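Observations on chain architecture
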Amino acid sequence: MSDRKGARNGYGSAVTLPGDPPGGRRAALVWGVGVAVYFVAVIFRTSLGVAGLDAADRFHVGASALSTFSILQLLVYAGMQIPVGLMVDRLGTKRVLALGVVLFTLGQLGFALSPSYPMALASRALLGCGDAMTFISVLRLGGRWFPARRGPLIAQLAGLIGMAGNLISTVVLSRALHGLGWTTTFVGSSLAGVLVLVLLLVFLKDHPEGYEPAPVRHAGAAYVRRQIAESWREPGTRLGLWVHFTTQFPAMVFLLLWGLPFLVEAQGLSRGTAGELLTLVVLSNMAVGLTFGQIIARHGGARAPLALGTVAATALLWAVTIAYPGDHAPMWLLVTLCLVLGACGPASMIGFDFARPANPPERQGTASGIVNMGGFVASMTTLLAIGVLLDATGDDYRIAFSSVFVLEALGVVQILRLKSRTHRRERERLVASRVEAVHVPV
């Protein structure tokens, strides 16, 4: 059996040793197939963001009922995170990803053909279930095929490619929706799910040959409880959850549902201009993701400042935009808001960079599932709050959008509370790994 132990670098992630996965062209191909699945899942997930007004007309529903589409989708997604993490740890990436593709493709197809609101709601729930199986699987795949020191950059690249899926929604699907109609657009998009399923079955492997994970005993409910408890016991896991919770949701809420109605109905923009601003959020996300990945790979101490800085900038621009005197905020301010919102996705990925070094390989899926719940719980809560407040206030976006600050404040308190504990544990782990490395036989 090869020696796969590694020392830790200054912020707790493993340094490459001979037993570390080598990466390379083969790894890029296999990982690329997994990321392609995630790319399609994001297209399906965010397709409602450009079809929200059309969905309201098609199913004859108001703001609260419209937000229920996204809330239910995110509720299922968030609720599936820990079960999916356990599934990935136990069954492997390929099986879980394949199941996810089947489910989210059926969900997208069902949404295309639904004649009623309840059936469309059920289809979005099915889509959310399949979508929930993608990102954690892709993170696990990257960890199995690339050296651990590449972890932050690989995770940010996965998020970046996922945002490219969001770009397809805002640019391609929005135009197809108004050119081809509801059914043709959504049925046609579901074919992408069939394509990535074929690629997955043919090319994807859980790990390189010779790098099989050590066998782990699975003892039913006792194993599940142990995996969850041991993951949660690590301060890095909990800090990762709150970083994800606090940073992700403003952009998610804006892109997934309420950005387009806000820009059109509250700011008086045309749908075309509003779509361009949503595209700007996605492009900013992709640029910032590359930058954050490079910074964190070189300077682990930048994780918390980057996350907290993103929260502060987001809160400031959000407040200035909704409080701007007059009927409409100026275009320069809306552009600046969208540029800053683009940092939310990359900042949320920092949560995984706290959880990854805190947990051994056999718990990576479970820990990632716990972290990934954070932002989606926050998004679901805010989507509901905005929808209810819009109905209660006669579409007053200033009041409705103020709900964002409550969750940001809660998240910042938790991040500050857990940050020192996590750093202390990482230092202890670094010292222990150095002592172990000294005693490893040559």
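Summarised in this report is the structure supplied together with it. A quick note: this is a predicted structure, and the numbers were derived from the prediction, not measured.

1. Here's the deal with the pattern of salt bridges
Under the counting rule described, the total for this entry stands at six salt bridges. A salt bridge links Arg 45 to Asp 131, with the nearest nitrogen and oxygen atoms 2.6 Å apart. With Arg 45 in helix 1 (residues 25–59) and Asp 131 in helix 4 (residues 117–131), this residue pair connects regions lying 86 residues apart in the sequence. Across the pair Asp 89 and Arg 140 runs a salt bridge, and its minimum N-O distance is 2.5 Å. With Asp 89 in helix 2 (residues 63–91) and Arg 140 in helix 5 (residues 135–145), this pair connects stretches of sequence that are 51 residues apart. One exposure class covers both Asp 89 and Arg 140, and it is buried.

2. Focus on empty space enclosed by the protein
Rolled over the atoms, a probe with the dimensions of a water molecule shows which regions are left empty. Under the counting rule described, the total for this entry stands at two cavities of 30 Å³ or more. Taken as a whole, the largest cavity holds about 340 Å³ of empty space. Around the largest cavity, the lining is made up of 28 residues, and of these Tyr 38, Met 163, Gln 248, Met 252 and Gly 345 lie nearest the centre. For the lining of the largest cavity, the elements supplying multiple residues, two or more each, are helix 1, helix 6 (151–180), helix 9 (235–266), helix 10 (271–298), helix 13 (344–355) and helix 14 (364–393).

3. Overview of the packing of aromatic side chains
What the rule picks out here adds up to 20 aromatic pairs. Ring centres 5.6 Å apart and planes at 85 degrees place the aromatic pair Phe 69 and Phe 111 in the edge-to-face group. Taken as a pair, Phe 69 in helix 2 and Phe 111 in helix 3 (residues 93–113) lie far apart in primary sequence, 42 residues in all. Side by side, Phe 69 and Phe 111 carry an identical accessibility label, which is buried. The interplanar angle of 45 degrees and the centroid separation of 4.8 Å between the aromatic rings of Trp 182 and Phe 186 together place this pair among those described as tilted. Placement of both Trp 182 and Phe 186 in helix 7 (residues 182–203) is noted, with a separation of four residues, approximately one turn of the helix.

4. Some thoughts on the packing of helix 1 against helix 2
Two elements in contact, helix 1 and helix 2, have axes separated by 8 Å at closest approach and are oriented at 145 degrees. Between helix 1 and helix 2 lies a crossing whose hand is right-handed. For the pair helix 1 and helix 2, the contacting residues are Arg 45, Leu 48, Gly 52, Ala 55, Ala 56 and Phe 59 in the first and Leu 66, Phe 69, Ser 70, Gln 73 and Tyr 77 in the second. Across the contact of helix 1 with helix 2, the residue classes tally to seven nonpolar, three polar and one charged.

5. Remarks on the environment of Pro 208
Residue position: Pro 208 is located in the loop between helix 7 and helix 8 (220–233). The spatial distance from the C-alpha of Pro 208 to the C-alpha of Leu 255 is 37 Å, given a sequence separation of 47 residues. Excluding residues within four positions of it along the chain, Pro 208 makes contact with Arg 144 and Trp 145.

6. Considering the packing of helix 10 against helix 12 (residues 331–341)
If you want to describe how two helices pack, look at the angle between their axes and the distance between the axes. Viewed as axis vectors pointing N to C, helix 10 and helix 12 meet at an angle of 35 degrees, and their least axial separation amounts to 7 Å. Between helix 10 and helix 12 lies a crossing whose hand is right-handed. For the pair helix 10 and helix 12, contact is made by Thr 273, Leu 277, Leu 280, Val 281 and Ser 284 and by Met 331, Leu 334, Val 335, Cys 338, Leu 339 and Leu 341, respectively. By residue class, the composition of the contact of helix 10 with helix 12 is nine nonpolar, two polar and no charged.

7. Section: the nonpolar core
In terms of nonpolar packing, the biggest core is built from 131 residues, with Phe 59, Phe 69, Phe 254, Trp 258, Leu 263 and Phe 401 touching the most fellow members. In contact with Phe 254, other than residues within four places in its own chain, are Gly 259, Leu 260, Phe 262, Leu 263, Leu 278, Val 281, Trp 318, Cys 338 and Leu 341.

8. What about the layout of surface pockets?
Counted as a void, the second largest pocket has a volume near 250 Å³. Those elements giving two or more residues to the lining of the second largest pocket turn out to be helix 6 and helix 10. For the lining of the second largest pocket, the element with the most residues is helix 10, which contributes six residues. Split by residue class, the lining of the second largest pocket holds four nonpolar, six polar and three charged.

9. Focus on unusual backbone geometry
The phi torsion at His 60 lies on the positive side, around 55 degrees, for a residue other than glycine. Looking at the element boundaries, His 60 is found in the loop between helix 1 and helix 2. By relative accessible area, His 60 is classed as exposed at 70%. Even without being glycine, Asp 395 reaches a positive phi, approximately 65 degrees. In this structure, Asp 395 sits in the loop between helix 14 and helix 15 (397–401).

About the cut-offs
- Per chain, the residues get numbers from 1 upward, laid out in the order the sequence is written.
- Under the rules for a predicted model, residues below a pLDDT of 70 receive no local features and side-chain atom pairs below 80 are neither given nor counted, while totals for whole chains, interfaces and linings still include all residues.
- For the side-chain quantities, the full set of heavy atoms in the structure was used; hydrogens and water were omitted.
- What makes a salt bridge here is a side-chain nitrogen of Lys or Arg within 4 Å of a carboxyl oxygen of Asp or Glu, nothing more.
- Under the DSSP-based scheme used, a helix requires at least four consecutive residues in state H or I and a strand at least two consecutive residues in state E, with every element numbered from the N terminus.
- Think of it in three bands: with a 1.4 Å probe and only protein chains considered, a residue is buried below 20% of the maximum accessible area for its type, exposed above 50%, and partly exposed in between.
- Buriedness for pockets is judged along seven lines, at least five of which must meet protein on both sides within 12 Å for an open set on the 1 Å grid over protein atoms alone, while cavities are sets there where a 1.4 Å probe fits but cannot get out, and lining residues have an atom within 4 Å of a point.
- Grid points are joined across faces, edges and corners, and a volume is the space filled by probe spheres set on the points.
- Here a Phe, Tyr or Trp ring, Trp counted by its six-membered ring, pairs with any other such ring whose centre lies within 6.5 Å, and the pair is stacked when the planes are under 30 degrees apart, edge-to-face when over 60, and tilted otherwise.
- Fitted lines through C-alpha atoms serve as axes, helices being fitted only where they are in contact, and the angles separating the N-to-C directions of these axes extend from 0 to 180 degrees.
- Helix crossings are classified by the rotation of the near helix relative to the far one: an anticlockwise turn of less than a right angle makes the crossing left-handed, while a clockwise turn makes it right-handed.
- Here a residue-residue contact requires only that any non-hydrogen atoms of the pair lie within 4.5 Å.
- Gly counts as polar in this scheme, as do all residues outside two lists: the nonpolar Ala, Val, Leu, Ile, Met, Phe, Trp, Tyr, Cys and Pro, and the charged Asp, Glu, Lys and Arg.
- As used in this record, nonpolar core signifies buried Ala, Val, Leu, Ile, Met, Phe, Trp, Tyr and Cys residues forming a set joined through side-chain atoms within 4.5 Å.

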